[in-house]
Amino acid sequence: MSGQDASRVNVSRAVLHQGEELAVAFREMKLEDIPQIIEVEHESFTVPWTADAFRNELLHNQYAHYIVMEQDDRIIGYVGMWLIFDEAHITNIAIREKYRGKKLGFRLLKELVQEARALGADKMTLEVRVSNHVAQKLYAKFGFRPVGLRKGYYSDNHEDALIMWADICDQE
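Cut-offs applied
- Residues numbered from 1 in each chain as written.
- Predicted model: local features only at pLDDT ≥ 70, side-chain atom pairs only at ≥ 80, totals over all residues.
- Heavy atoms only, no water.
- Helix = DSSP H or I, 4+ residues; strand = E, 2+ residues; numbered from the N terminus.
- Buried < 20%, exposed > 50% of the residue type's maximum accessible area, 1.4 Å probe, protein only.
- Contact = heavy atoms within 4.5 Å.
- Areas by Shrake-Rupley, 256 points an atom, 1.4 Å probe, with all protein chains shown as cover.
- Arc of directions from axis to C-beta.
- Core = buried A, V, L, I, M, F, W, Y, C linked by side-chain atoms within 4.5 Å.
- Axes fitted to C-alpha atoms, helices over the stretch in contact; angles between N-to-C directions.
- Parallel < 35°, antiparallel > 145°, perpendicular 65-115°, else oblique.
- Left-handed = near helix turned anticlockwise from the far one by under 90°.
- Nonpolar A, V, L, I, M, F, W, Y, C, P; charged D, E, K, R; others polar.

Chemist: Help me out: how do you make sense of the overall build of the protein chain in this one?
Modeler: The helix and strand inventory of the protein chain stands at 4 helices and 8 strands. Helices and strands appear in the protein chain in the N-to-C order β-β-α-α-β-β-β-α-β-α-β-β. A total of 172 residues make up the protein chain; the buried ones form 45% of that total. Long-range contacts, defined as pairs at least 24 residues apart, comprise 57% of the intrachain contacts of the protein chain with a sequence gap of at least 6. Carbon together with sulfur atoms contributes 51% to the accessible area of the protein chain, which is approximately 9,200 Å² in total.

If you want it as structure tokens, here you go:
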């Protein structure tokens with residue numbers, strides 16, 4: 001989140017199963033977060049990003065904005081986007097394995113959409129594996145709709161990516 005106050009923290013409570021609540025905080029990703037981010041990457045993706053890739057995003061990509069989600073000062077998820085004019089491109093979203101299925105992905109994506117809107121975006125796009133129906137269902141809750149395919153997009157198995165777009169200007 002280039003040019004923003006790194007101390008900004010949004011705290012919310014995510015309601016878990018059977019009325020249990022988990023307090024989570026959202027803040028800008030920092031360089032010192034990279035080791036924990038790499039752990040999340042390895043739990044989440046068959047071809048994880050490297051520490052150098054994140055370092056480059058944070059130091060050299062003026063379009064990059066990354067948010068971490070913490071619970072008790074431990075990073076449990078993160079999300080990133082590139083913001084170019086009025087369009088936001090989601091680069092990645094990941095939650096630690098033990099925290100999946102608790103609707104935290106929804107909270108993380110909601111935080112990103114709010115940030116994108118605050119920075120002037122009115123549209124968002126992303127690519128998602130055609131086989132990842134759980135993620136597609138989450139994105140649909142935010143108004144994302146399929147608009148095309150990127151054939152052989154994923155390098156690990158050459159799976160196609162579904163391209164999805166959403167208008168976010170009227171979302172709350």
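Chemist: Just checking my understanding: could you explain helix 1 (residues 34–44) for this structure?
Modeler: Think of an α-helix as 3.6 residues a turn; residues three or four steps apart then line up on the same face. Turning to helix 1, its buried residues are Ile-34, Ile-37, Ile-38, Val-40 and Glu-41. Summarising the axial view, the buried residues of helix 1 lie within an arc of 160 degrees, below the 170-degree limit, and thus occupy one face. Looking at helix 1, the residues exposed on the side facing more than 90 degrees away from the buried face are Pro-35 and His-42. In this fold, the buried residues of helix 1 make contact with helix 2 (51–60), strand 3 (64–71), strand 4 (74–84) and strand 5 (87–95).

Chemist: Is there a simple way to explain the nonpolar core in this structure?
Modeler: It is characteristic of soluble globular proteins that their nonpolar side chains tend to be buried jointly. The biggest cluster of nonpolar side chains holds 33 residues, and the ones touching the most others in it are Met-69, Leu-104, Leu-109, Leu-112, Met-124, Tyr-139 and Phe-144. Among the secondary structure elements, those contributing two or more residues to this core are strand 2 (21–28), strand 3, strand 4, strand 5, helix 3 (104–118), strand 6 (123–129), helix 4 (133–141) and strand 8 (161–167). Contact partners of Leu-109, with chain neighbours within four places excluded, come to Ile-90, Ile-93, Leu-138, Tyr-139 and Phe-142. Formed by 12 residues, the second largest nonpolar core is a distinct cluster that contains Ile-34, Tyr-66, Val-68 and Ile-75.

Chemist: When you look at the packing of helix 1 against helix 2 in this model, what are you seeing that I'm missing?
Modeler: A pair of packed helices is captured by two measures, namely the crossing angle of their axes and the spacing between those axes. Between helix 1 and helix 2, the shortest axis-to-axis distance is 10 Å and the interhelical angle comes to 125 degrees. By the angle between their axes, helix 1 is oblique relative to helix 2. As for how helix 1 packs across helix 2, the hand of that crossing is right-handed. Along the contact surface, helix 1 presents Ile-34, Ile-37, Ile-38 and Glu-41, while helix 2 presents Ala-51, Phe-54, Arg-55 and Leu-58.

Chemist: I'm lost on the packing of helix 3 against helix 4 in this one. Help?
Modeler: Contact geometry for helix 3 and helix 4: axes closest at 10 Å, N-to-C directions at 45 degrees. The pairing of helix 3 with helix 4 is recorded here as oblique in orientation. Crossing angle aside, the handedness with which helix 3 passes helix 4 is right-handed. Between helix 3 and helix 4, the residues in contact are Gly-105, Phe-106 and Leu-109 and Leu-138, Tyr-139 and Lys-141, respectively. Here the residues of the contact of helix 3 with helix 4 sort into 4 nonpolar, 1 polar and 1 charged.

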